[in-house]
Amino acid sequence: MKHKAARATINDVAKAAKTGKTSVSRYLNGEHHALSSDLKQRIEQAIAALNYRPNQMARGLKRGRTRLIGLIIADITNPYSVDVLCGIEAACRARGFTLLVCNTNNEIDQEQHYLQLLSSYQVEGIVVNAVGMREEALNRLQQSLLPMVLIDRKIPDFSCDVVGLNNVQAANDATEHLVKNGYRALLFLSEPLGLVNTRLERLQAFRQCCAGHAGVICENAEVALSDAAAMDRIILDFYRRHADRPAALLVANGALTLQVARAMRRLELDWGRKMGLLGFDELEWAELAGDGITTLKQPTWQIGYAALERVIARIEGEATTVEEQTFHGELVVRGSSRPLA
């Protein structure tokens with residue numbers, strides 16, 4: 001049986017370069033001014049010949065830094081999460097940090113497990129897309145004193161920096177667009193509201209906007225993402241009750257928008273012809289579906305990048321008060337919200 005070659009150590013490099021460990025350490029730490037040209041060349045050649053790779057974790061711990069950032073994300077299959085992740089990862093590369101990604105799959109127990117795991121890896125900071133943390137997990141986070149930023153969802157009674165969409169502006173723009181295009185019956189559809197601030201803020205802004213338009217009927221309903229039967233029932237009932245006026249659906253997020261589009265296809269309610277449709281989050285398929293689905297596009301990459309920058313600021317000692325950083329969304333208008341005849 002062929003045995004795997006042992007990994008080269010700093011001692012091996014020093015021996016091959018005919019020098020001491022201190023000189024090799026200086027070279028690896030960028031202190032080249034302290035070494036002669038001949039010694040630098042010998043160390044370079046020894047590293048190349050031995051294919052030496054320093055143990056970054058050990059070096060970081062020795063200096064009191066790991067340069068690791070933990071990311072706890074609610075659902076890695078969600079396009080929103082993927083775009084946010086790309087922004088965070090780009091910021092990590094730019095700032096010399098390594099990202100450890102933990103996908104909770106919207107399961108609270110997994111969220112707590114990953115919090116413990118990241119702590120054992122001695123991450124320097126954490127970015128969290130919160131699911132519904134229980135009090136026990138929140139207490140552990142507060143006690144850890146780790147620099148942390150929340151993305152998208154706030155945690156009730158938990159003081160922490162937050163980066164996300166300006167939900168009031170976004171919901172107001174979406175609602176105004178539908179009203180301007182002549183829709184007189186609007187249904188705001190979301191997953192169960194619970195304590196998820198994004199859903200609550202969008203609904204509240206929707207209601208406030210509607211209140212400023214006389215003659216516009218505004219309703220809201222909650223439906224589980226996987227409950228196709230309930231979704232069909234809610235949409236069909238809304239359509240039938242308002243058959244005498246232009247009606248439209250405003251959907252609270254991208255994952256739900258996909259399921260609503262499928263339901264409308266099942267019910268033969270063509271968007272943009274029989275009923276209007278507008279969904280939060282820009283999705284790749286939105287422009288390909290029929291005449292296209294109007295969306296409220298979030299600057300997800302920028303949100304992720306800003307969240308990581310905020311964590312690093314905390315790591316580096318910024319002691320300002322907790323703040324919420326919000327970004328404006330952009331309405332991408334397509335055929336699904338055209339004025340109905």
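Definitions and limits used
Each chain has its residues counted from 1, running along the sequence as written. Selection of residues for local features in this predicted model requires a pLDDT of at least 70, selection of side-chain atom pairs for listing and counting requires 80 or more, and totals for whole chains, interfaces and linings are taken over all residues. Neither water nor hydrogens contribute to the side-chain values; these are computed over all heavy atoms in the structure. Helix and strand assignments come from DSSP, with helices taken as H or I runs of at least 4 residues and strands as E runs of at least 2, each series counted from the N terminus. Throughout, exposure labels follow a simple rule: accessible area from a 1.4 Å probe, protein chains only, divided by the maximum for the residue type, with under 20% read as buried, over 50% as exposed, and the rest as partly exposed. A contact between two residues is defined here by any heavy atoms of the two lying within 4.5 Å. Per-residue accessibility takes into account occlusion by the displayed protein chains alone, with areas from the Shrake-Rupley method and a 1.4 Å probe. Fitted lines through C-alpha atoms serve as axes, helices being fitted only where they are in contact, and the angles separating the N-to-C directions of these axes extend from 0 to 180 degrees. By the definition adopted for this analysis, an angle is roughly parallel if under 35 degrees, roughly antiparallel if over 145, roughly perpendicular if from 65 to 115, and oblique otherwise. In this scheme the crossing of two helices becomes right-handed for a clockwise turn of the near helix relative to the far one and left-handed for an anticlockwise turn of less than a right angle. Basically, the charged four are Asp, Glu, Lys and Arg, the nonpolar ten are Ala, Val, Leu, Ile, Met, Phe, Trp, Tyr, Cys and Pro, and anything else, Gly included, counts as polar. Polar contact is defined as a pair of N or O atoms within 3.5 Å, subject to the rule that within protein one atom must be able to donate a hydrogen and the other to accept it, and that residues adjacent in sequence are counted only when both atoms are side-chain atoms. Any Lys or Arg side-chain nitrogen found within 4 Å of a carboxyl oxygen on Asp or Glu counts as a salt bridge. One requirement defines pairing of two strands: DSSP has to find at least two bridges between them. Expected helix span is given by 1.5 Å per residue-to-residue step, counting one fewer step than there are residues. Here a pair means two rings of Phe, Tyr or Trp (six-membered ring of Trp) with centres within 6.5 Å. Their orientation is stacked below 30 degrees between planes, edge-to-face above 60, and tilted elsewhere. Counted as over-ring charges are cases with an Arg CZ or a Lys NZ within 6 Å of the ring centre that also lie within 35 degrees of the ring normal. In this text, buried Ala, Val, Leu, Ile, Met, Phe, Trp, Tyr and Cys residues form a nonpolar core when linked through side-chain atoms within 4.5 Å.

1. Some remarks on the overall build of the chain
Of regular secondary structure, the chain possesses twelve helices and twelve strands. Counting across all 341 residues of the chain, residues that qualify as buried make up 48%. Excluding contacts between residues fewer than 6 apart, the proportion of contacts in the chain whose partners are at least 24 apart in sequence is 69%. Per element, the accessible surface of the chain, about 17300 Å² overall, is 49% carbon and sulfur.

2. Re the packing of helix α8 (residues 167-180) against helix α9 (residues 197-211)
With their axes 8 Å apart at the nearest point, α8 and α9 run at an angle of 45° to one another. The angle between the axes of α8 and α9 places the two elements in the oblique class. Handedness of the crossing formed by α8 with α9: right-handed. Across from Asn 167, Val 168, Ala 171, Asn 172, Thr 175 and Glu 176 in α8, the residues of α9 making contact are Thr 198, Glu 201, Arg 202, Ala 205, Phe 206, Cys 209 and Cys 210. Of the residues that constitute the contact of α8 with α9, the class distribution is six nonpolar, four polar and three charged.

3. A look at the side chain of Asn 167
By the secondary structure assignment, Asn 167 is in helix α8. Overall, Asn 167 belongs to the buried group, its relative accessible area being 5%. A polar atom in the side chain of Asn 167 sits 2.8 Å from the side chain of Glu 201. In contact with Asn 167, other than residues within four places in its own chain, are Thr 198, Glu 201, Arg 202 and Ala 205.

4. Some thoughts on the pattern of salt bridges
One pass over the full model with this rule turns up 18 salt bridges. With its nearest N and O atoms 2.7 Å apart, the salt bridge here joins Asp 232 to Arg 266. Taken together, the residues Asp 232 in helix α10 (residues 228-241) and Arg 266 in helix α11 (residues 254-266) connect sequence positions 34 residues apart. Its relative accessible area of 18% is what places Asp 232 among the buried residues. Taking relative accessible area as the criterion, Arg 266 reaches 42% and is therefore assigned partly exposed. When the shortest N-O distance is used, the salt bridge between Glu 323 and Arg 310 registers 3.7 Å.

5. Side note on the sheet that holds strand β4 (residues 148-151)
Strands sit in the order β2-β1-β3-β4-β5-β11 across an open sheet of six strands; the sheet is parallel. Strands at the two margins of the open sheet, each flanked by one partner only, are β2 (98-103) and β11 (324-327). Neighbour-to-neighbour, the strand axes of the sheet open up by a mean angle of 20°, direction not taken into account. Pairing of strand β1 (residues 68-73) with strand β3 (residues 125-128), which is carried by four bridges, proceeds in the parallel orientation. Each residue of the ladder has a partner; that of Ile 69, found in β3, is Gly 125.

6. A closer look at helix α5 (residues 79-95)
The α-helix winds at 3.6 residues per turn, so residues separated by three or four positions along the chain end up facing the same way. An ideal rise of 1.5 Å per residue puts 24 Å on 17 residues; α5 measures up with 25 Å between its terminal C-alpha atoms. Regarding α5, the residues found buried are Tyr 80, Ser 81, Val 84, Leu 85, Gly 87, Ile 88, Ala 90, Ala 91 and Cys 92. Buried residues in α5 make contact with β1, β2, β3, β4 and α12 (300-315). Where α5 starts, the residue carrying a side-chain oxygen 2.8 Å from the main-chain nitrogen of Tyr 80 turns out to be Asn 78. Immediately beyond the C-terminal end of α5, within one or two residues, lies Gly 96, with a positive phi of roughly 75°.

7. Notes on the packing of aromatic side chains
Within the structure shown, the criterion is met by two aromatic pairs. Between Phe 188 and Phe 206, the ring centres sit 5.5 Å apart and the planes meet at 35°, which makes this aromatic pair tilted. Of the two residues, Phe 188 sits in strand β6 (residues 185-190) while Phe 206 sits in helix α9, which places them 18 residues apart along the sequence. Judged by its relative accessible area of 1%, Phe 188 is buried. Between the NZ or CZ atom of Arg 67 and the centre of the ring of Phe 97, over which it lies, the distance is 4.1 Å.

8. Quick word on the sheet that holds β6
Taking strand neighbours across the sheet as the criterion, the six strands line up as β7-β6-β8-β9-β10-β12 in an open arrangement whose pairing is mixed. At either margin of the open sheet sits one strand with a lone partner, and together these are β7 (217-222) and β12 (330-332). When the angles between neighbouring strand axes are averaged without regard to direction, this sheet yields 20°. As defined by bridge partners, strand β8 (residues 247-251) adjoins strand β9 (residues 276-280) across four bridges and the pair is classed as parallel. In the sheet register, Ala 248 faces β9, and the bridge partner there is Gly 276. Across the sheet, α9 lies against β6, β7, β8 and β9, angled at about 170° from β6, the strand it touches most.

9. What about the nonpolar core?
Core analysis: the largest hydrophobic core is formed by 24 residues, its most contacted members being Ile 235, Leu 249, Val 260, Met 264, Met 275 and Leu 277. Broken down by secondary-structure element, the contributors of at least two residues to this core are β6, α10, β8 and α11. Considering each element in turn, this core owes the most residues, five residues, to α11. With sequence-adjacent residues up to four places away left out, Leu 277 is seen in contact with Leu 249, Val 251, Val 260, Met 264, Trp 271, Ile 293, Thr 294, Ser 336 and Ser 337.

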